[in-house]
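Each chain, letter by letter, is given below.
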Amino acid sequence: MRRLIATVCLLNFTVAAFAGTVLHIDTKHPGPEISKDVYGQFVEHLGHGIYGGIWVGKDSKIPNTNGYRNDVLKALKELHVPVMRWPGGCFADIYHWRDGIGPRKQRPKTVNWLWGGVTEDNAFGTHEFLDFAEMIGSDVYVNANLGSGTEKEASDWLEYMTADGDSDLANLRRANGRDKPWHIKYFAIGNESWGCGGNMTPEYYANLYKRYATFAKTPEDNRPIMIASGGTDVRTDWTETLAQIKPNWSFNIDAISHHYYTLPTGEWETKGRAIGFKEDQWFSTFKHTLKLEDYVRANLAIMDKYDPEKRLGFFVDEWGTWYDTEEGDNPGFLLQQNSLRDALVAAINLNMFHKYAKRVRMTSIAQMVNVLQAMILTDGKKMLLTPTYHVFKMHIPFQDATSLPSTINGLPKYKYGKDAVIGISASAARGKDGKIWLSLVNLNPNKVSGIEIDTGGKIKGAVGQVLTADKMDAHNTFGKPDAVHPVKYSAKTENGKLMLELPAKSVVVVALQ
Ligand code: AHR
């Protein structure tokens, strides 16, 4: 099967694909490091994102380790997940952490009225999340409740997780089975405070942020990166206000977050389908996803006014595709299929984040399992890896790599009707293995594209992987879980030139030789 797909790709290649397109890579002036945390993921109490998807409980018939699904644990370990955000999302602002500690049978049952109105039995709480992160080797991002909580609740939670001395909260943690404090790499105050997090104005939130952050204390050597919850989409007003907050001896602010979802139609009422779409929605999905770069740029320009040293990070801690729920599915569960189109959306955005690596030092795709643009889908005992999973895995060499500035001369356009978007998205970096890595996306679903690679030095060839398929909405199912997967890709320098052929609708990740 794998060999068949590779052969199909090669047959599509034509010399005509090379239209003088050249990727120039400046190896002499390396850019900032691409933080591995740009490859972060988001885990919310939403649908089967946690229950059924990650956590099945010790007594489940689904093979598990202490309640965590073995198949999902294995897949996530192989994915090198650098950081996970939890417990929301909107859920963060209705979550009360004390509900999720202590003996599971004694934990209260609450209603997850945000997502499907289902019973939340709090089986997955602070210990379960932080242990899960340790099991897959990931750092953590904990999102505190600002909307319906108090600053005492948030500061107690941080103390519970990080205090190392003799305090009631540290001792309660010990009594609940965890002696050593955890390291909370990121801690955010609230989520979408302009909406589900409390419908606030940026100014009101800014004051609350300062108040919460003042009391969010940890041992000095175990201090989290503190995130203020920011704006969304085209909005810059949240960044404008939050970037003016000046930290002092009593509190910190290290980053501002931003959210953006890619909807094929751009309309929340009818977003578009995950599969079964035509080229109009293939095209419009990319048109919408490419807008995020404009939004990032506009927000960074504001941050540069108030913070020219680039101390503050800009974290896109929710991004990805969002489609209409299919008939029969619970609309509150945000379950959606994931196709080759999602793989390209992921790669295009990762390439864009690499470009702004100086400030975009963390992002988290929404979400990890069974929700929105997921890495993994499960159904009872069954599990599959999505095309987005494969793209994240192909990009592992970019984690903590050094970005290399690159420009495309003769960039082809992908035209649809009277409209057009870029035909190729690219980024380059020097990996920790010393090799130059390229990520290349051909957005055009109908045409092979060729690109010459110029580093100013000698290159023998390129070796890596390509992800493509014959249909725009090709996807994996529980019946055919391996229908879309990456295959080997290689090219040799000929007559002093390295020409890479990018199959129509493909993601290619290679190391130069
Ligand atoms: O990811 C799903 C939801 O989208 C999150 O809970 C919320 O922050 C956003 O609106």
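Residues numbered from 1 in each chain as written. Predicted model: local features only at pLDDT ≥ 70, side-chain atom pairs only at ≥ 80, totals over all residues. Heavy atoms only, no water.

**Some remarks on the pattern of salt bridges**
A side chain with one charge may pair with a side chain of the opposite charge, provided their charged atoms come close. For clarity, the cut-off: Just to be clear on terms, a salt bridge is a Lys or Arg side-chain nitrogen sitting within 4 Å of an Asp or Glu carboxyl oxygen. The way it works is that DSSP assigns letters per residue, a run of H or I at least four long becomes a helix, a run of E at least two long becomes a strand, and they are numbered from the N terminus. Between buried and exposed lies partly exposed: a residue is buried under 20% and exposed over 50% of the maximum accessible area for its type, with that area taken using a 1.4 Å probe on protein chains only.
A full pass over the atoms with the stated rule returns 29 salt bridges. For Arg273, the salt bridge is made with Glu326, and the minimal N-O distance between the two is 3.2 Å. Of the two residues, Arg273 is situated in the loop between β11 (255–262) and α8 (279–289) and Glu326 in the loop between β12 (313–321) and α10 (340–355); the sequence distance between them amounts to 53 residues. On the basis of relative accessible area, Glu326 is assigned to the partly exposed category, the value being 30%. With its nearest N and O atoms 2.8 Å apart, the salt bridge here joins Lys287 to Asp419. Taken together, the residues span a long stretch of sequence, with Lys287 in helix α8 and Asp419 in strand β19 (residues 419–422) at a distance of 132 residues. On the basis of relative accessibility, which here comes to 33%, the residue Lys287 falls in the partly exposed class. Taken together, the salt bridges that share partners define one network made up of Lys36, Asp37, Asp139 and Lys185.

**Let's talk about the sheet that holds strand β20 (residues 424–430)**
Spelled out, the test is: The pairing criterion is simple: DSSP has to find at least two bridges between the two strands. Here the axes come from fitting lines to C-alpha atoms, over the contacting stretch only for helices, and the angles between their N-to-C directions go from 0 to 180 degrees. Residues count as neighbours in contact if any of their non-hydrogen atoms are within 4.5 Å of one another.
Spatially, the 6 strands line up as an open sheet ordered β16-β20-β21-β26-β23-β24, and their pairing is antiparallel. Edge positions in the sheet fall to β16 (402–404) and β24 (487–492), since each has one partner strand and no second. Neighbour-to-neighbour, the strand axes of the sheet open up by a mean angle of 25 degrees, direction not taken into account. Relative to strand β26 (residues 506–512), strand β23 (residues 461–467) runs antiparallel, the two sharing 6 bridges. For Ala462, the partnering residue across the bridge sits in β26 and is Leu512. This element, α10, spans β16, β20, β21 (436–442), β23 and β26 of the sheet and lies at about 135 degrees to β21.

**Let's talk about the site of the ligand**
We apply this condition: Here a residue is near a molecule or strand as soon as one of its heavy atoms is found within 4 Å of it. Throughout this description, a polar contact denotes any pair of N or O atoms lying within 3.5 Å of each other; where both atoms belong to protein, one of them has to be capable of donating a hydrogen while the other can accept it, and for residues adjacent in sequence the pair is counted only when both atoms sit in side chains. In short, Shrake-Rupley with a 1.4 Å probe defines the accessible areas, and a residue's cover is counted only from the protein chains shown. Just so you know the grouping, Ala, Val, Leu, Ile, Met, Phe, Trp, Tyr, Cys and Pro go in nonpolar, Asp, Glu, Lys and Arg go in charged, and all remaining residues, Gly too, go in polar.
For the ligand, the full set of nearby residues is Phe42, Glu44, Gly89, Cys90, Trp115, Asn191, Glu192, Tyr261, Glu318, Trp322, Gln367 and Leu372. For the ligand, an oxygen atom lies 2.8 Å from a polar atom in the side chain of Glu192. One nitrogen or oxygen atom from the side chain of Glu318 is found 2.7 Å from an oxygen atom belonging to the ligand. Notes on the ligand: free accessible area 280 Å², of which the protein chains cover 94%. In terms of residue class, the shell around the ligand is made up of 6 nonpolar, 3 polar and 3 charged.

**Focus on the side chain of Asn444**
The topology assignment puts Asn444 in the loop between β21 and β22 (449–454). There is a polar contact of 3.2 Å between the side chain of Asn444 and the backbone nitrogen of Lys447. Excluding residues that lie within four positions of it along the chain, Asn444 makes contacts with Tyr414, Gly423, Ala504 and Lys505.

**What to know about the nonpolar core**
Put simply, the rule is: What makes a nonpolar core is a set of buried Ala, Val, Leu, Ile, Met, Phe, Trp, Tyr and Cys residues whose side-chain atoms join them at distances within 4.5 Å.
Phe132, Met161, Phe187, Tyr209 and Met368 are the most contacted members of the largest nonpolar core, which has 122 residues in total. Examining the composition of this core, we find that 10 residues originate from one element, α10, more than from any other. Once residues lying within four places of it in the same chain are set aside, the contact partners of Met161 are Thr126, Leu130, Val142, Arg173, Pro181, Trp182, Ile184 and Phe187. Core analysis: the next-biggest nonpolar cluster, separate from the first, contains 22 residues, Ile459, Tyr489, Leu502 and Val510 among them.

**As for the domain arrangement of the chain**
Operational definition: Throughout the structure description, domain borders are defined by an automatic or database domain assignment. Joining two parts hides part of their accessible area as seen by a 1.4 Å probe, and the buried area is that hidden amount summed over both.
Domain assignment breaks the chain into domain 1 (2–29 + 404–512) and domain 2 (36–400). With centres defined by C-alpha atoms, the gap from domain 1 to domain 2 works out at 30 Å. Between domain 1 and domain 2, a total of about 3,200 Å² is buried, with carbon and sulfur atoms accounting for 72% of that surface. Linking domain 1 with domain 2 are 1 salt bridge. Seen at the junction of domain 1 and domain 2, the total is 15 residue pairs in polar contact (both at pLDDT 80 or more).

**Overview of the packing of α8 against α10**
Applicable threshold: Note on terminology: angles under 35 degrees are roughly parallel, angles over 145 are roughly antiparallel, angles of 65 to 115 are roughly perpendicular, and the others are oblique. When the near helix sits turned anticlockwise from the far one by under a right angle, the crossing is termed left-handed; a clockwise turn instead gives a right-handed crossing.
In the contact formed by α8 and α10, the axes pass within 10 Å of each other and the chain directions differ by 20 degrees. Here α8 is positioned roughly parallel relative to α10, judged by the angle of their axes. Considering the relative orientation of α8 and α10, their crossing is right-handed. Counting all contacts with α8, which are made through Gln281, Trp282, Thr285, Phe286 and Thr289, the residues of α10 involved are Arg341, Leu344, Val345, Ile348 and Asn349.

**Notes on the state of the cysteines**
For the record, the criterion: Here, the term disulfide refers to a pair of cysteine sulfur atoms separated by no more than 2.5 Å.
Under the definition given, this model contains 1 disulfide. With a sulfur-sulfur separation of 2.1 Å, Cys90 is cross-linked through a disulfide to Cys196. Taking the torsion about the S-S bond as the criterion, the Cys90 to Cys196 disulfide, at about -90 degrees, is left-handed. Of the two residues, Cys90 is situated in the loop between β5 (83–86) and β6 (110–112) and Cys196 in the loop between β9 (186–189) and α6 (202–215); the sequence distance between them amounts to 106 residues. With relative accessibility at 34%, the residue Cys196 sits in the partly exposed group.

**Topic: the pairing of β12**
The criterion, for reference: Orient the strands so they point away from the viewer, and a crossover whose first-strand-to-second-strand path over the helix runs clockwise is right-handed.
Of all 9 residues in β12, 9 are buried; the element is thus mostly enclosed. For β11 and β12, the ladder comprises 8 bridges, and the chain directions are parallel. Its bridge partner lying in β12, Tyr261 is registered against Gly320. In this sheet, strand β13 (residues 363–366) lies alongside β12 in parallel orientation, the contact comprising 2 bridges. Pairing of Trp319 across the sheet is with Ile365, part of β13. Chirality of the crossover, the property in question, places the unit of β12, α10 and β13 among those that are right-handed.

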